[in-house]
Amino acid sequence: MAKRKRYLTATLPDGYIKTIGPTSEAFTHYWRIVAVLENGKSEVFWGHTRSLAEAKKKRTATEEAAKMRGWKSHAFEFVELVETAEKPIACD
């Protein structure tokens, strides 16, 4: 039997909305890093995890990346994904 496909939506505190899908994967959380580089430009890294514990572990990796890459500053956020069975209107 095929796994049911669904859409997963993350809404970050700043109002940014990211929709993932359709997927049958068991993702539970979305994470985002906004890094400010030495030249003042910024880069955004993002992904999804299968558990809250896995999302929290990304914080340690983020600290290591900041040191290794010489970021002036960075913000790390993660939020729970919300499941919907149908494609949202503004799905990217």
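Please refer to the structure higher up on the page.
Computed from a predicted model, the values in this text were never measured in an experiment.

Turning our eyes to something else, we now look at the sheet that holds strand β4 (residues 42-49). Strand order in the open sheet made by the 3 strands is β4-β3-β5, with antiparallel pairing throughout. Two strands close off the open sheet at either side, each with one partner strand: β4 and β5 (73-80). Strand-to-strand twist in this sheet, taken as the mean axis angle between neighbours without regard to direction, amounts to 15 degrees. By the bridge criterion, 8 bridges tie strand β3 (residues 29-36) to β4 in an arrangement that is antiparallel. Pairing of Val 36 across the sheet is with Ser 42, part of β4. The sheet contacts of helix α1 (residues 52-69) involve β3, β4 and β5, and relative to β5 the element is tilted by about 170 degrees.

With that out of the way, let us pick up the sheet that holds strand β6 (residues 82-84). Within a sheet, adjacent strands bond to each other through the backbone by hydrogen bonds, running parallel or antiparallel. The 3 strands are arranged β2-β1-β6 in an open sheet whose pairing can be described as antiparallel. Sheet topology places β2 (17-23) and β6 at the edges, where each strand pairs with a single neighbour. Averaged over all pairs of adjacent strands, the angle between strand axes in this sheet comes to 25 degrees, irrespective of strand direction. By the bridge criterion, 3 bridges tie strand β1 (residues 6-11) to β6 in an arrangement that is antiparallel. Bridge assignment links Thr 9 to a residue of β6, and that residue is Val 82.

All right, on to the packing of aromatic side chains then. Taken as a whole and assessed by the stated rule, the structure comprises 3 aromatic pairs. Ring geometry for Phe 76 versus Phe 78: centroids 5.9 Å apart, planes at 50 degrees, classification tilted. A residue is classified by how much of its surface remains accessible, and Phe 78, at 24% relative accessible area, is partly exposed. Between the NZ or CZ atom of Lys 18 and the centre of the ring of Trp 46, over which it lies, the distance is 4.3 Å.

What follows deals with the pattern of salt bridges. A side chain of one charge can pair with a side chain of the opposite charge when the charged atoms of the two come close. The final tally for this structure, using the stated rule, is 4 salt bridges. Note that Arg 32 is salt-bridged to Asp 14, the shortest N-O span being 2.8 Å. Taken together, the residues Arg 32 in strand β3 and Asp 14 in the loop between β1 and β2 connect sequence positions 18 residues apart. Linked through salt bridges whose partners overlap, the residues forming this network are Asp 14, Arg 32 and Glu 77.

Right, let's get into α1. In this model α1 runs 26 Å from its N-terminal to its C-terminal C-alpha over 18 residues, within 8% of the 26 Å that 1.5 Å per residue would give. Listed as buried for α1 are Ala 55, Thr 62, Ala 65 and Ala 66. Packing partners of the buried residues in α1 comprise β3, β4 and β5. With its phi angle positive at about 70 degrees, Gly 70 sits one or two positions after the end of α1.

Thresholds applied
- Residue numbers restart at each chain and count upward from 1, following the sequence in its written direction.
- Local features in a predicted model are, by the rule used here, given only for residues with pLDDT of at least 70; side-chain atom pairs are given and counted only at 80 or more, and totals for whole chains, interfaces and linings are based on all residues.
- As a rule here, side-chain values cover all heavy atoms of the structure and leave hydrogens and water aside.
- Pairing between two strands is assigned when DSSP locates at least 2 bridges connecting them.
- In DSSP terms, a helix is any run of H or I states spanning at least four residues, a strand is any run of E spanning at least two, and both are numbered starting from the N terminus.
- A fitted line through C-alpha atoms represents every axis, and for helices the fit uses only the stretch in contact; the resulting angles, taken between N-to-C directions, go from 0 to 180 degrees.
- The contact criterion used throughout is that any non-hydrogen atoms of two residues lie within 4.5 Å.
- Pairing of aromatic rings covers Phe, Tyr and Trp, the last through its six-membered ring, and needs centres within 6.5 Å; plane angles under 30 degrees mean stacked, over 60 mean edge-to-face, and all others mean tilted.
- Categorising residues by exposure relies on relative accessible area from a 1.4 Å probe, with only protein chains included: less than 20% of the type maximum marks a residue as buried, more than 50% marks it as exposed, and the intermediate range marks it as partly exposed.
- Think of it as a cone above the ring: NZ of Lys or CZ of Arg counts as a charge over the ring if it is within 6 Å of the ring centre and within 35 degrees of the ring normal.
- Every case where a carboxyl oxygen of Asp or Glu lies within 4 Å of a side-chain nitrogen of Lys or Arg is listed as a salt bridge.
- For a helix, the expected span equals 1.5 Å multiplied by the number of residues minus one.

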